[in-house]
Amino acid sequence: MPTIVGSLRRHVLTPPLRQVGFTERRFPVRSSGETLHLEAIPQAVVCGFEWGIGPCDLWEAERRLALLDPDLRGFAYEGVTMAFTIRDAMSMYRTSRARDLLAGPGRPHIFLNYIGIGFAMARLPRPLWRRIMPDLSGVPYYPTMNWLAVDGYGFDLAYFDVDRWVGNQERPRPYPWEGAPDYFMRAVDQGIGRALWFVHAGRPDDVATAVSRFAGERQADLWAGVGLAATFAGGCDATGLASLRHSADAYQSHLAQGAVFAARARTFSGAVPPHTDETVVALTGLPVAAASALADEVAVGGVPASRGEPAYEVWRQRVRAHFDTEPAGAPGS
């Protein structure tokens, strides 16, 4: 019976690889080396999801994921995390597949795994969100990084319904995630900003134009998402990155903050492709190692009582402050 149920889940929930491609999604891009590179990322997520949504245990998931190229492995872990989260949420029992994955073999990819939880949120009714986040006590960056799940939720909305969330710039209903329904909306925008990098296949001018069409109060978080996606996923040359930083204008420190988080995610995973090093230097003026160290130097472990803001946002503010105090004309200034 578990095999039959697993097969049904896989058949109903797993999108075909073609369905996540840019042409199928009708993104306004032409096929190129850059688009093929970026398309491989959601395809890796689908592969991971397909493995995880069926009758696949932790050992088998780990072995399958180990066969992938290290640069794509974290994205496939996103997919497995998404699948295990859905299986846990739909189980009649208090199962802990996602926790065992994130605290075990998925630990190096913890940043992306949080995003995978957000992908699951986009496919589950909100009443199930109350118990969707596993207890990751002892795992680095928990619970501060819980907001990356909401980022993943926002990315999923924008990627799979561009007309509604990008074209019409709609916003989902607030949700009291971590007791902060207002910040929920900001974290969603950070995910939408990441999606814009894929929707426009890493073309800086088109990404900047897309961000500019949103209300002014949303643009800072959108630029942070753009910086994270550009640095982690790549898909842009040095000239384009210089144009991207210039286009960010007053939001350069937000763009840089996203790049810093991406640098830390890459170094934490142990797989730092050349494009990450090139991009983080272009957007922040720092090499990957220094950007990663900055993220940890200003990290926080709890919500400051005097500010009443999520620790995640305080962390982001501290990273931005590093670039806001740089001399005029420096990256991030």
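Predicted model only: the values in this text are computed from it and were never measured.

(A) Quick peek at the packing of aromatic side chains. For the structure shown, the criterion picks out 20 aromatic pairs. Taking the centre distance of 5.4 Å and the plane angle of 40° together, the rings of F22 and F27 count as tilted. Since its relative accessible area comes to 2%, F22 is described here as buried. With relative accessibility at 6%, the residue F27 sits in the buried group.

(B) Focus on the layout of surface pockets. If you add up the space inside the largest pocket, you get close to 310 Å³. Lining of the largest pocket is provided by 18 residues; of these, R25, R26, D161, V162 and D163 occupy positions nearest its centre. At the level of elements, α7 (147-160) and α8 (162-167) are the ones that each hand at least two residues to the lining of the largest pocket. Per-element tally for the lining of the largest pocket: the top contributor is α8, with four residues. By residue class, the composition of the lining of the largest pocket is nine nonpolar, three polar and six charged.

(C) View of the side chain of T231. Its location among the elements puts T231 in helix α11 (residues 216-233). Assessed through its relative accessible area of 0%, T231 is described here as buried. Residue contacts for T231: discarding those within four places in its chain leaves A259, A262, A263, H275, T276, T279, V280 and L283.

(D) Quick peek at the nonpolar core. Among the nonpolar cores identified, the biggest contains 110 residues, and W147, W177, F184, W197, F198 and W315 are the most heavily contacted of them. No other element matches helix α9 (residues 181-199), which puts eleven residues into this core. When near neighbours in sequence (up to four residues on either side) are disregarded, F198 contacts F22, F27, L38, I41, P42, F155, Y159, A229 and A233.

(E) Layout of empty space enclosed by the protein. A complete count under the given rule lists five cavities of 30 Å³ or more for this structure. Empty space within the largest cavity amounts to approximately 310 Å³. Lining the largest cavity are 24 residues, and of these P42, V45, E78, F119 and F155 lie nearest its centre. Looking at the lining of the largest cavity, the elements that each hand over two or more residues are α2 (33-53), α4 (70-90), α6 (110-121), α7, α9 and α11. The element that contributes the greatest number of residues to the lining of the largest cavity is α2, accounting for five residues. Its residues assigned to classes, the lining of the largest cavity comprises 20 nonpolar, no polar and four charged. Quantified by volume, the second largest cavity comes out at close to 70 Å³. If you go around the second largest cavity, the residues you meet are F111, L112, I115, L148, L228, F232, F261, A262 and A265. In terms of residue class, the lining of the second largest cavity is made up of nine nonpolar, no polar and no charged.

Cut-offs applied
Residues numbered from 1 in each chain as written. Predicted model: local features only at pLDDT ≥ 70, side-chain atom pairs only at ≥ 80, totals over all residues. Heavy atoms only, no water. Phe/Tyr/Trp six-rings, centres within 6.5 Å; stacked < 30°, edge-to-face > 60°. Buried < 20%, exposed > 50% of the residue type's maximum accessible area, 1.4 Å probe, protein only. 1 Å grid on protein atoms, 1.4 Å probe; cavity = no way out; pocket = protein on both sides within 12 Å on 5 of 7 lines; lining within 4 Å. Points joined across faces, edges and corners; volume = space filled by probe spheres on them. Helix = DSSP H or I, 4+ residues; strand = E, 2+ residues; numbered from the N terminus. Nonpolar A, V, L, I, M, F, W, Y, C, P; charged D, E, K, R; others polar. Contact = heavy atoms within 4.5 Å. Core = buried A, V, L, I, M, F, W, Y, C linked by side-chain atoms within 4.5 Å.

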